[in-house]
Amino acid sequence: MKQSRLFFSTDSNRLFLPWMSMLMGFIAVLILAAGMSAYDSITNWQRVVSGSLTVQIPTYTEAGDPRGEVVNREIETALTILRSSTGVKGATVLSDSQMTELMIPWLGEGAAVSELPLPKLIDVMVDSDHYPDMAQLKTDLAAQVPSAVLDSHRLRLEPLLRLSSGGIKLIGFILILLALTASFTVIYATRTSLTAHEHIISLIHMMGANDWFITRQYAARNFNLTFMGSFFGLLLALPIMAGVSFLIHGATLDFIWNPALDIKQWIVLGCVPVGLALLAFVTTLKTVSDYLKRFL
Amino acid sequence: MSTQTKLNAPVAEFNGVSFRYDGGPEILKDIQFTLSPGSFHFMTGESGAGKTSLLSLLYLYHLPTKGRVRLFGYPVDEMARLDRAKLRRQIGVVFQDFRLLNHLTAFDNVALPLRIAGVKESEIRRHVSELLAWVGLENQMKTHPPELSGGEQQRVAIARAVINRPTLLLADEPTGNVDDAMAKRLLHLFLELNKLGTTVVIATHNEGLIRHFGFPRLHLDKGHLSVVPQNQYKEMASKLFNRGGAQ
Ligand SMILES: Nc1ncnc2c1ncn2[C@@H]1O[C@H](COP(=O)(O)OP(=O)(O)O)[C@@H](O)[C@H]1O
Ligand SMILES: [Mg+2]
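With respect to the pattern of salt bridges
Residues and elements named next belong to chain B. Per the stated rule, a full pass over the model turns up 14 salt bridges over all chains. Of the charged contacts in the structure, one is a salt bridge between Lys-51 and Glu-173, with a shortest N-O distance of 4.0 Å. Separated by 122 residues along the polypeptide, Lys-51 in helix 1 (residues 51-58) and Glu-173 in the loop between strand 7 (168-172) and helix 6 (180-195) bring together distant segments of the chain. In this pair, the class of Lys-51 matches that of Glu-173, namely buried. With a shortest N-O distance of 3.7 Å, Arg-217 and Glu-207 are connected by a salt bridge.

Section: the coordination of the magnesium ion (ligand 2)
Residues and elements named next belong to chain B. All of the protein donors around the magnesium ion (ligand 2) are Thr-52 (OG1) and Gln-96 (OE1); their distances to the metal are 2.0 to 2.3 Å. One end of the pair, Thr-52, is in helix 1; the other, Gln-96, is in the loop between strand 6 (91-94) and helix 3 (106-116), with 44 residues separating them in the sequence. Given a relative accessible area of 32%, Thr-52 falls into the partly exposed group. What makes Gln-96 partly exposed here is its relative accessible area of 38%.

So, empty space enclosed by the protein
A full pass over the atoms with the stated rule returns two cavities of 30 Å³ or more. In this structure, the largest cavity occupies an estimated 120 Å³ of space. In terms of lining, the largest cavity is formed by Met-206 and Met-207 of chain A together with Arg-88, Arg-89, Ile-91, Gly-92, Val-93, Phe-95, Pro-113, Arg-160, Ala-161 and Asn-164 of chain B. Those elements giving two or more residues to the lining of the largest cavity turn out to be strand 6 and helix 5 (150-162) of chain B. Per-class residue counts for the lining of the largest cavity are seven nonpolar, two polar and three charged.

Examining the packing of helix 7 (residues 211-250) of chain A against helix 8 (residues 263-292) of chain A
Any two packed helices are characterised by how steeply their axes cross, that is the angle between the axes, and by the distance between the axes. Residue and element names in this part refer to chain A. Between helix 7 and helix 8, whose axes approach to 7 Å, the crossing angle comes to 155 degrees. Judged by the angle between their axes, helix 7 and helix 8 are roughly antiparallel. In this structure, the crossing between helix 7 and helix 8 has a hand that is right-handed. Split into classes, the residues belonging to the contact of helix 7 with helix 8 amount to 23 nonpolar, seven polar and one charged.

Quick notes on the pairing of strand 6 of chain B
Across a regular strand the side chains alternate sides, sitting on one face of the sheet and then on the other. All names here are of chain B. Side-chain alternation along strand 6 places Ile-91 and Val-93 on one buried face and Gly-92 and Val-94 on a second face that is also buried. Here strand 6 runs beside strand 7; their pairing, made up of four bridges, is parallel. Looking across to strand 7, one finds that Val-93 is bridged to Leu-170.

So, the site of ligand 1
All names here are of chain B. In the region of ligand 1, the neighbouring residues are Tyr-21, Ile-27, Glu-46, Ser-47, Gly-48, Ala-49, Gly-50, Lys-51, Thr-52 and Ser-53. One of the side-chain N or O atoms of Tyr-21 is found 3.4 Å from a nitrogen atom in ligand 1. Among the elements that take part in the shell around ligand 1, helix 1 stands out by supplying three residues, more than any other. Split by residue class, the shell around ligand 1 holds three nonpolar, five polar and two charged.

A short note on the interface of chain B and chain A
In this assembly, 22 residues from chain B lie in contact with 23 residues from chain A. A combined buried area of about 2,100 Å² lies between chain B and chain A, and 67% of that area is made up of carbon and sulfur atoms. Put simply, chain B and chain A have one salt bridge between them. Between Arg-81 of chain B and Asp-211 of chain A there is a salt bridge, with its nearest N and O atoms 2.6 Å apart.

Examining the environment of Arg-191 of chain A
If you trace the backbone, Arg-191 of chain A turns up in helix 5 (residues 153-196). Placed 54 residues apart in sequence, Arg-191 of chain A and Leu-137 of chain A show a C-alpha to C-alpha distance of 69 Å.

Focus: the sheet that holds strand 5 (residues 74-75) of chain B
All names here are of chain B. Pairing in this open sheet of four strands is antiparallel, and the strands run 2-1-4-5 from one edge to the other. Each edge of the open sheet carries a strand with a single partner, namely strand 2 (26-35) and strand 5. Taken together, the six bridges between strand 1 (residues 12-20) and strand 2 define a ladder with antiparallel strand orientation. Across the sheet, Arg-20 pairs through a bridge with Glu-26, a residue of strand 2.

Some remarks on a nonpolar patch on the surface
Residues and elements named next belong to chain A. A cluster of nonpolar side chains, contributed by Phe-227, Phe-231, Phe-232, Leu-235, Leu-238, Trp-266, Val-274 and Leu-278, occupies part of the molecular surface with about 680 Å² of accessible area. The set of elements that each furnish at least two residues to the nonpolar patch consists of helix 7 and helix 8. If one sorts the elements of the nonpolar patch by residue count, helix 7 sits on top with five residues. Looking at the secondary structure, you find Leu-278 in helix 8.

Let's talk about the layout of surface pockets
Residues and elements named next belong to chain B. There is about 390 Å³ of room inside the second largest pocket. What lines the second largest pocket is a set of 13 residues, among which Glu-130, Leu-131, Val-162, Ile-163 and Arg-165 lie closest to the centre. Secondary structure elements with two or more residues in the lining of the second largest pocket: helix 4 (121-134) and helix 6. Residue composition of the lining of the second largest pocket, by class: eight nonpolar, two polar and three charged.

A short note on the environment of Phe-190 of chain B
Residues and elements named next belong to chain B. Looking at the secondary structure, you find Phe-190 in helix 6. Residue Phe-190 is classed as buried on the basis of its relative accessible area, which comes to 0%. Counting along the chain gives 10 residues from Phe-190 to Val-200, while the straight-line C-alpha distance between them is 7.4 Å. Beyond its immediate stretch of four places on either side in the chain, Phe-190 contacts Phe-40, Ile-158, Val-162, Leu-169, Ala-171, Pro-174, Val-200 and Ile-202.

A short note on the packing of aromatic side chains
Within the structure shown, the criterion is met by 12 aromatic pairs over all chains. Judged by centre distance (5.4 Å) and plane angle (80 degrees), the ring pair of Tyr-59 of chain B and Phe-95 of chain B falls under edge-to-face. Of this pair, Tyr-59 of chain B sits in the loop between helix 1 and strand 4 (66-71) while Phe-95 of chain B sits in the loop between strand 6 and helix 3, placing them 36 residues apart in sequence. What makes Phe-95 of chain B buried here is its relative accessible area of 5%. Put simply, the rings of Phe-223, Phe-227, Phe-231 and Phe-281 of chain A touch in pairs and so form one group of aromatic residues.

Each value, and the rule that gives it
- Sequence positions are assigned chain by chain, starting from 1 and proceeding in written order.
- A letter from A marks each chain and a number from 1 marks each ligand, given out in the order of writing.
- Reporting of local features is limited, given that this is a predicted model, to residues whose pLDDT is at least 70; pairs of side-chain atoms are given and counted only at 80 or more, and all residues count toward the totals for whole chains, interfaces and linings.
- Each side-chain value is worked out from all heavy atoms of the structure, with water and hydrogens disregarded.
- Here a salt bridge means any side-chain nitrogen of Lys or Arg lying within 4 Å of a carboxyl oxygen belonging to Asp or Glu.
- Helix and strand definitions follow DSSP, with helices as H or I runs of at least four residues and strands as E runs of at least two, each counted in order from the N terminus.
- A simple rule labels every residue: compare its accessible area, found with a 1.4 Å probe on the protein chains alone, to the largest value its type can have, and call it buried under 20%, exposed over 50%, or partly exposed in between.
- Donor criterion used throughout: N, O or S atom within 2.8 Å of the metal, extended to 3.2 Å for Na, K and Ca. Water excluded; incomplete-looking sites may result.
- Buried and open spaces are told apart on a 1 Å grid over the protein atoms alone, a cavity being a set of points where a 1.4 Å probe fits but cannot get out and a pocket being an open set with protein on both sides within 12 Å along at least five of seven lines. Residues with an atom within 4 Å of a point are the lining residues.
- Grid points are joined across faces, edges and corners, and a volume is the space filled by probe spheres set on the points.
- Classes in brief: Ala, Val, Leu, Ile, Met, Phe, Trp, Tyr, Cys and Pro nonpolar; Asp, Glu, Lys and Arg charged; the others, Gly included, polar.
- Lines fitted to C-alpha atoms define the axes, with helix axes restricted to the stretch in contact, and inter-axis angles between N-to-C directions lie between 0 and 180 degrees.
- Note that the term roughly parallel is reserved for angles under 35 degrees, roughly antiparallel for angles over 145, roughly perpendicular for angles of 65 to 115, and oblique for everything else.
- Should the near helix be turned counterclockwise from the far one by less than a right angle, the crossing is left-handed, whereas a clockwise turn marks it as right-handed.
- The pairing criterion is simple: DSSP has to find at least two bridges between the two strands.
- One heavy atom within 4 Å of a molecule or strand makes the whole residue count as near it.
- Contacts described as polar in this section are N or O atom pairs within 3.5 Å, which, within protein, must combine one atom able to donate a hydrogen with one able to accept it, while residues neighboring in sequence count only if both atoms come from side chains.
- The contact criterion used throughout is that any non-hydrogen atoms of two residues lie within 4.5 Å.
- Simply put, the buried area is the total loss of 1.4 Å probe accessible area from both parts when two parts are fitted together.
- Any residue with relative accessible area above 30% and no salt bridge may belong to a patch, with like charges joined within 9 Å and the nonpolar Val, Leu, Ile, Met, Phe, Trp and Tyr side chains within 5 Å.
- What sets the accessible areas is the Shrake-Rupley method with a 1.4 Å probe; for residues, cover comes only from the shown protein chains.
- A pair of Phe, Tyr and Trp rings is counted when the ring centres sit within 6.5 Å of each other, with Trp represented by its six-membered ring. The angle between the planes then sorts it: under 30 degrees is stacked, over 60 is edge-to-face, the rest tilted.

Shown next, in the form of structure tokens:
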């Protein structure tokens, strides 16, 4: 006879805990996966954006007429001003093919970019440690190239970055709530089982079983039940993650949110069942040893 | 502190012990007695006199409300939890209501104290089978308590209490559900253990047994305990009979 059979002849925990932990493992995996990939995407934007600045030179007048040769002269002047400013590491004009690539997410493959009234874009690489004096740069450009528009991605992305880091905090908060819910579930299930088995526990206690003899059986069992449940939760989450990833790829939205995970992140997801099971283990130990204090 | 039995210390020592259940009346009043090692006592008293309660102080289920209980020389109220657990392993109890676990077989019920003590499975198999055969249950080892008769259940309960050769054996009306022949046979089992050094206390109403074996008795009356030495049991018994017999 296995020792674990001492207590658990009939026990609602046997179904309740695995189901609950499957649900929680499932949610935790999805939320973690979303959080980690979103975090990656945000740091990626930040990296791309924090070191760059663009200057636009319109190729059409506001009335819609081509501005012609003047555009090229303005580009040359702007490049000269930019390259001589402190904090600027380099400035290059984007070619038509680079422009086409940039527009793919918005216009789709094969769009005839050259026929659109798009401005010329100068990509300015800045030294993020010595960020150029934007006001000075603006005045300098306005003096010699009045049509130029200075655009800092940093400023435009700021609200978006704030939104995303808020989102990450929210995910952290949800994970904490989830862990708390898991703990409460384990406490509830354990207390129910303890009450149902009070006659057995009191008998075993009277026969001289020390607390550890009883707590470890409960804790080990709840560890197993929770691990099993949340492992199935993890398995269940995988096709959903694959589906979401497929949809994002299909919509070519990867540049906003790339759902791919690296090996470390997969390991984190793999740790979800172990983590939940450990949480159940510790919670059970505490619950059972508190309960046993009622016996002399 | 170790729970090694203190050499020559009384097995149990009650000093001015009173006991009441939460909010209830005082059930045991100023109780004073000593159980010396290797002694054999009957415990008598009408139903509700407090026999079960007194035993529960002896098997460390309750602490006295007043006074002090010492077991094997140690005050139980001052013992560490782990030491109390160790001490309990030296005490065998036959509960009045048996307290067998219905989801375990007769064999596993009897094996329980050994498993708690961490005895090897091979030894458990040998000892438990032997003992169950001795109490006449060799064919019911795989049977679960609900399928056993009252008397059979009682024998399983007794086997469980004595399986690990306790230093102190407490039995709460252990022969209530068996015929006289079986009662004597079970008493002989307790006697065997007693000869090996186990201190025995048996709560019983069975006047026949008390008379037959003639051990001193701890008599409870309205919460007060009196110790009746061996040679006075006959007089005591006749008094009880005059009052309509013990319950
Ligand atoms: N768990 C309990 N809670 C409150 N009162 C109890 C409890 N157990 C027994 N009693 C009361 O204590 C008194 C003594 O009971 P008990 O020790 O069982 O006597 P006996 O075993 O001699 O019949 C009785 O009046 C009984 O009602
Ligand atoms: Mg009783």
